[in-house]
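Structure assessment
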Amino acid sequence: AEAVTQAFEVGYRHIDTAWKYGSEQGVGAGIRTSGVPRREIFLVTKVSHENLRAADFARSVDESLKNLQVDYVDMLHVHWPTVDKIPLAETMGALARAKRQGLARHIGVANFNIALLEEARHTCPEPLVTVQAEYHPYLDQGKVLDYCRRHGMIFTAYCPLARGRLFQDPVLANI
């Protein structure tokens with residue numbers, strides 16, 4: 001909560017959390033104590049791969065909103081693709097339902113490869129606007145970036161400092 005409040009004090013307005021991070025309650029508390037109007041905050045959360053069945057997905061979204069103490073998020077992602085043979089169409093239907101119910105203004109996916117992105121785009125009844133994936137100088141995401149450009153999607157990077165490895169790279173330090 002304190003970190004989120006301080007982030008708002010210095011001008012941050014995009015907050016990215018997830019049930020899996022265990023930070024939603026703290027983020028919600030930070031939002032409440034910051035005094036920043038909700039309409040000025042772009043709040044992102046994610047539904048974890050353990051909750052990709054439609055009923056579990058809906059419960060997870062409700063739990064996240066309760067943890068965050070908000071009525072909606074600005075972006076809702078499927079955090080990781082399924083590992084339990086859950087049909088992607090079922091998950092994409094649940095994601096679209098959350099948007100249609102006003103629980104998310106926008107929807108997207110995280111950590112999907114191009115084949116899964118293609119399937120997700122074709123099975124989701126609502127447009128996917130973003131793909132979030134790890135991206136830094138040690139991880140080429142050129143193909144995913146090209147895919148996003150071709151399909152009008154936004155690529156959102158995470159771990160741009162390669163989990164701290166960039167600081168030990170002599171070439172990058174020299175630059």
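As a reminder, the structure under discussion sits directly above these lines.
Let me begin by describing the structure that accompanies this report. (Residues numbered from 1 in each chain as written. Predicted model: local features only at pLDDT ≥ 70, side-chain atom pairs only at ≥ 80, totals over all residues. Heavy atoms only, no water.)

Quick look at a nonpolar patch on the surface now. Together, Tyr138, Val171, Leu172 and Ile175 make up an exposed nonpolar region whose accessible area comes to about 410 Å². Relative to the elements of secondary structure, Tyr138 occurs in the loop between β5 (130-134) and α6 (142-150). (Patch = residues over 30% accessible without salt bridge, like charges linked within 9 Å, V, L, I, M, F, W, Y side chains within 5 Å. Areas by Shrake-Rupley, 256 points an atom, 1.4 Å probe, with all protein chains shown as cover. Salt bridge = Lys/Arg side-chain N within 4 Å of Asp/Glu carboxyl O. Helix = DSSP H or I, 4+ residues; strand = E, 2+ residues; numbered from the N terminus.)

This next bit is on helix α3 (residues 54-68). For α3, with 15 residues, the first-to-last C-alpha span of 21 Å sits near the 21 Å given by 1.5 Å per residue. Among the residues of α3, Phe57, Ser60, Val61, Ser64, Leu65, Asn67 and Leu68 are the ones counted as buried. Burial along α3 is one-sided: seen end-on, the buried residues are contained in an arc of 160°. α3 presents Arg59 and Lys66 as exposed residues on the side facing more than 90 degrees away from its buried surface. The secondary structure elements touched by the buried residues of α3 are α2 (24-34), β2 (42-47), β3 (73-78) and α4 (88-100). Positioned one or two residues after α3, Gln69 has a phi angle of 55°, which is positive. (Expected span 1.5 Å × (residues − 1). Buried < 20%, exposed > 50% of the residue type's maximum accessible area, 1.4 Å probe, protein only. Arc of directions from axis to C-beta. Contact = heavy atoms within 4.5 Å.)

Before going further, it helps to examine the environment of Arg163. Within the element layout of this structure, Arg163 appears in the loop between β6 (154-158) and α7 (170-174). Relative accessible area serves as the criterion here: at 62%, Arg163 is assigned to the exposed category. With 102 residues separating them in the primary sequence, Arg163 and Val61 have C-alpha atoms 28 Å apart. Not counting residues up to four positions away in its chain, the partners in contact with Arg163 are Glu134 and Tyr158. A distance of 3.2 Å separates polar atoms of two side chains, one belonging to Arg163 and the other to Glu134. (Polar contact = N/O pair within 3.5 Å; in protein donor to acceptor, adjacent residues only side chain to side chain.)

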